[in-house]
Amino acid sequence: MRRTAVARTRTESELRRALEDRELQVALEPIIDLESGRIHGVEALARWDHPRHGRLSADEFVPVAEASGLIVPLGRWMLAAACREAAAWPGEEPPWISVNLSAREITEPGIFEAVESALADSELPPRRLRVEITESALLEEAELPEDVLTRLAELGVSLVLDDFGTGYSSPADLHRFSVDALKVDRSFVAGLARSEADTPIISAIVQLAGALGIEVIGEGVEREDQAARLTGLGCRLGQGWWCGRERTAEEMARELARSSPPHVFVAAGPETRTAPAAARRPGPDEPLGVEDV
């Protein structure tokens, strides 16, 4: 317990420094049409180029950021950086970009102004920005400021409900919060390859969303058969390793620039369709640097 506590303190200190020293980067994961392969949108993901541990994914440092309160400056940086990158993409109608907001961020005073400022500074049209919050955060956060979500919708920013199917949303909740898109939780998509048990769940989600005029995105698409099953159930969009690996901002800009015609974006080739072998990383209960304490 002492080693874990010391390691978390160290990670917090290093993350604070990383925010100041610009060690954080934006990684971009494409969201594609599962039939045509065209890129419709992109999810912005935080990555940390740690001087000792190399590139770290968000789940390796965001829990520490949330516990320490650093999630607020981290989220504000991420929002501004994502808008800035997306605003530079070429084409008549480039992809939209999606940014995750935690429950802590969405309840923090000034979040609407932060979104408004990021859009104004980057000159990104509001219709090209989506904010993602998890279903559990939407329903379980007692102090969730409903007026903030309403103001964001009035500004033209879309709301995406992440990890859908793991909570207890009702159609009334989806309407009340002006939800524009749902992301089917990856656990249901993974189940498509194992059994028929998850098929009726995804089918029900797609039908509910269709009745409400809400877009559906399948998360964690890692195999061609999963993509085929999703399209057969009416889920048109997906993201995951089969849909294309994450890109750096520079790689995404180059890919969009060489697309022809300029407003059509096609996902990269088959080499992006295989998930890489996972490197050994600290688990969620094993903070960075624990082996050095």
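Keep in mind that this is a model prediction, so the values were computed, not measured.

Draft legend 1. Spotlight on the pairing of strand S1 (residues 24–33). A large share of S1 lies buried, amounting to nine of its 10 residues. Alignment of S1 against strand S2 (residues 39–50), held across nine bridges, turns out to be antiparallel. Bridge assignment links Leu28 to a residue of S2, and that residue is Ala44. Hairpin geometry of S1 and S2 is characterised by an intervening segment of five residues between the two adjacent antiparallel strands and by a positive phi of about 80 degrees at Gly37. Bridge count between S1 and strand S10 (residues 247–248): two bridges; the pairing is antiparallel. In the strand pairing of S10, Leu28 is matched with Arg247. Bridge count between S1 and strand S9 (residues 237–238): two bridges; the pairing is antiparallel.

Draft legend 2. Molecular detail of the environment of Pro109. Examined against the element boundaries, Pro109 turns out to sit in the loop between helix H4 (103–106) and helix H5 (111–122). Judged by its relative accessible area of 69%, Pro109 falls in the exposed class. When the C-alpha positions of Pro109 and Val148 are compared, they lie 9.7 Å apart, and in sequence the two are 39 residues distant.

Draft legend 3. Representation of helix H12 (residues 249–257) in the model. Inspection of H12 places Ala249, Met252, Glu255 and Leu256 among the buried residues, and these make up the whole buried set. End-on view of H12: buried residues confined to an arc of 130 degrees, all on one side of the axis. In this structure, the buried side of H12 is in contact with S1, S2, helix H3 (71–87) and S10.

Draft legend 4. Spotlight on unusual backbone geometry. The phi dihedral of Arg22 is positive, around 60 degrees, even though this residue is not glycine. Mapped onto the elements, Arg22 comes out in the loop between helix H1 (2–21) and S1. Residues other than glycine seldom take positive phi values, yet Ser178 does so here, at roughly 50 degrees. Its location among the elements puts Ser178 in the loop between helix H8 (171–176) and strand S7 (181–184).

Draft legend 5. Layout of the packing of aromatic side chains. With the rule as written, the count across this model stands at one aromatic pair. When the ring of Trp48 is compared with that of Phe61, the centres are 5.5 Å apart and the planes differ by 85 degrees; the resulting orientation is edge-to-face. With Trp48 in strand S2 and Phe61 in the loop between strand S3 (54–56) and helix H2 (62–68), the pair connects residues that are 13 residues apart, well separated along the chain. A cation sits over an aromatic face here: Arg130 above Trp96, 3.7 Å from the ring centre.

Draft legend 6. Structural detail: the packing of H5 against helix H7 (residues 146–155). Contact geometry of H5 with H7 gives a least axis separation of 10 Å together with a crossing angle of 20 degrees. Taken together, H5 and H7 sit at an angle that is classed as roughly parallel. For the element pair H5 and H7, the recorded crossing hand is right-handed. Residue-level contacts link Ile111, Phe112, Glu113, Val115, Glu116 and Leu119 of H5 to Val148, Arg151, Leu152 and Leu155 of H7. Taken together, the residues of the contact of H5 with H7 break down into seven nonpolar, no polar and three charged.

So, how was this worked out
Residues numbered from 1 in each chain as written. Predicted model: local features only at pLDDT ≥ 70, side-chain atom pairs only at ≥ 80, totals over all residues. Heavy atoms only, no water. Buried < 20%, exposed > 50% of the residue type's maximum accessible area, 1.4 Å probe, protein only. Helix = DSSP H or I, 4+ residues; strand = E, 2+ residues; numbered from the N terminus. Pairing = 2+ DSSP bridges. Arc of directions from axis to C-beta. Contact = heavy atoms within 4.5 Å. Phe/Tyr/Trp six-rings, centres within 6.5 Å; stacked < 30°, edge-to-face > 60°. Lys NZ or Arg CZ within 6 Å of the ring centre and 35° of its normal. Axes fitted to C-alpha atoms, helices over the stretch in contact; angles between N-to-C directions. Parallel < 35°, antiparallel > 145°, perpendicular 65-115°, else oblique. Left-handed = near helix turned anticlockwise from the far one by under 90°. Nonpolar A, V, L, I, M, F, W, Y, C, P; charged D, E, K, R; others polar.

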